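Here is what each chain is made of, one letter per residue.
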Amino acid sequence: MSEQTEFEPKLVGFLCRWCSYAGADLAGTSRKKYPANIRIVKIPCSGRIDPLFVLKALRLGFDGVLVSGCHPGDCHYITGNYRARRRLALTKKFLEYMGVDPRRIQASWVSASEAGKFTDVVTAVTNEVREAGPNRLFTEEKEKRATATA
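Structure report, in brief. None of these values were measured; they are calculated from a predicted model. (Residues numbered from 1 in each chain as written. Predicted model: local features only at pLDDT ≥ 70, side-chain atom pairs only at ≥ 80, totals over all residues. Heavy atoms only, no water.)

With respect to the sheet that holds strand β2 (residues 38-43)
Taken in spatial order, the four strands make up an open sheet running β2-β1-β3-β4, and their pairing is parallel. Two strands close off the open sheet at either side, each with one partner strand: β2 and β4 (105-109). On average, adjacent strands in this sheet sit at an angle of 20 degrees to one another, irrespective of strand direction. Two strands pair when backbone bridges link them, and strand β3 (residues 64-69) and β4 are joined in this way by five bridges, in the parallel orientation. Along β4, the bridge assignment pairs L66 with Q106. Of the strands in this sheet, β1 (11-16), β3 and β4 are in contact with helix α3 (residues 51-59), which crosses β3 at around 145 degrees. Strands β3 and β4 of the sheet are contacted by helix α4 (residues 80-97), whose axis makes an angle of about 160 degrees with β4. (Pairing = 2+ DSSP bridges. Helix = DSSP H or I, 4+ residues; strand = E, 2+ residues; numbered from the N terminus. Axes fitted to C-alpha atoms, helices over the stretch in contact; angles between N-to-C directions. Contact = heavy atoms within 4.5 Å.)

Right under this line is the structure:
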């Protein structure tokens, strides 16, 4: 068996408490199946995402990051999701310039009533990150720490 087929990605999902987190909760209570690769962090609004959160997640060993919020025009904080969309586009371009596969950073808009869409998004992101392979940033950090202590 090749290393690529054995690889299971670790994802972190930053979910807006008003919509996407509620959609994830509905998926769970409805017993909808989706990959168990994602660790969910509830945030007040997708507009609260700082590019450093994404970079820190990748440096901590997560293979991919999903940011999910309310649909454009439905944000509880008026323009938070627009802000998140702009920030993530810039973060993705910057990380791509630094050699990080852009498939590792994903955004989606899921409302509280879209449990099925949430499961579809998590499945799609998991598959894309699986194709991208293990996170190179994490292996480089691990090697640096190992050589520093040796």
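What about the side chain of S68?
Looking at the element boundaries, S68 is found in strand β3. According to the relative accessible area criterion, S68 is buried, its value standing at 1%. (Buried < 20%, exposed > 50% of the residue type's maximum accessible area, 1.4 Å probe, protein only.)

Let's talk about the packing of aromatic side chains
Counted under the stated rule, the structure contains two aromatic pairs. Ring centres 6.2 Å apart and planes at 35 degrees place the aromatic pair F14 and F53 in the tilted group. Of this pair, F14 sits in strand β1 while F53 sits in helix α3, placing them 39 residues apart in sequence. Cation over ring: K10 sits above F62, and NZ or CZ is 5.2 Å from the ring centre. Above the plane of the ring of Y21 lies K42, whose end atom (NZ or CZ) is 4.8 Å from the centre. (Phe/Tyr/Trp six-rings, centres within 6.5 Å; stacked < 30°, edge-to-face > 60°. Lys NZ or Arg CZ within 6 Å of the ring centre and 35° of its normal.)

Remarks on the nonpolar core
Counting 15 residues, the largest nonpolar core has F14, V54, L58, V65 and I105 as its most contacted members. If you list the elements that add at least two residues to this core, you get β1, α3, β3 and α4. The dominant element in this core, judged by the number of residues it contributes, is α3, at three residues. Discounting residues that sit within four places of it in the chain, L58 has contacts with D63, G64, V65, L95, V100, R104, I105, N135, L137 and F138. Grouped together as the second largest cluster of nonpolar side chains are 13 residues, A24, V110, A115 and V129 included. (Core = buried A, V, L, I, M, F, W, Y, C linked by side-chain atoms within 4.5 Å.)

Digging into the packing of helix α2 (residues 20-29) against helix α5 (residues 115-132)
Between α2 and α5, the least distance of the axes is 8 Å, while the angle of their chain directions is 95 degrees. Compared by their axis directions, α2 and α5 come out roughly perpendicular. On α5, the residues touching S20, G23, A24, L26 and A27 of α2 are A115, F118 and T119. The residue inventory of the contact of α2 with α5, partitioned by class, reads five nonpolar, three polar and no charged. (Parallel < 35°, antiparallel > 145°, perpendicular 65-115°, else oblique. Nonpolar A, V, L, I, M, F, W, Y, C, P; charged D, E, K, R; others polar.)

A few points about the packing of α3 against α4
Direction vectors running N to C along α3 and α4 enclose 45 degrees, while the axes themselves pass 9 Å from each other. When the axis of α3 is compared with that of α4, the two are oblique. The interaxial crossing formed by α3 with α4 has right-handed handedness. Of the residues in α4, those in contact with P51, V54, L55 and L58 of α3 are R87, L88, T91 and L95. Of the residues in the contact of α3 with α4, the class split is six nonpolar, one polar and one charged. (Left-handed = near helix turned anticlockwise from the far one by under 90°.)

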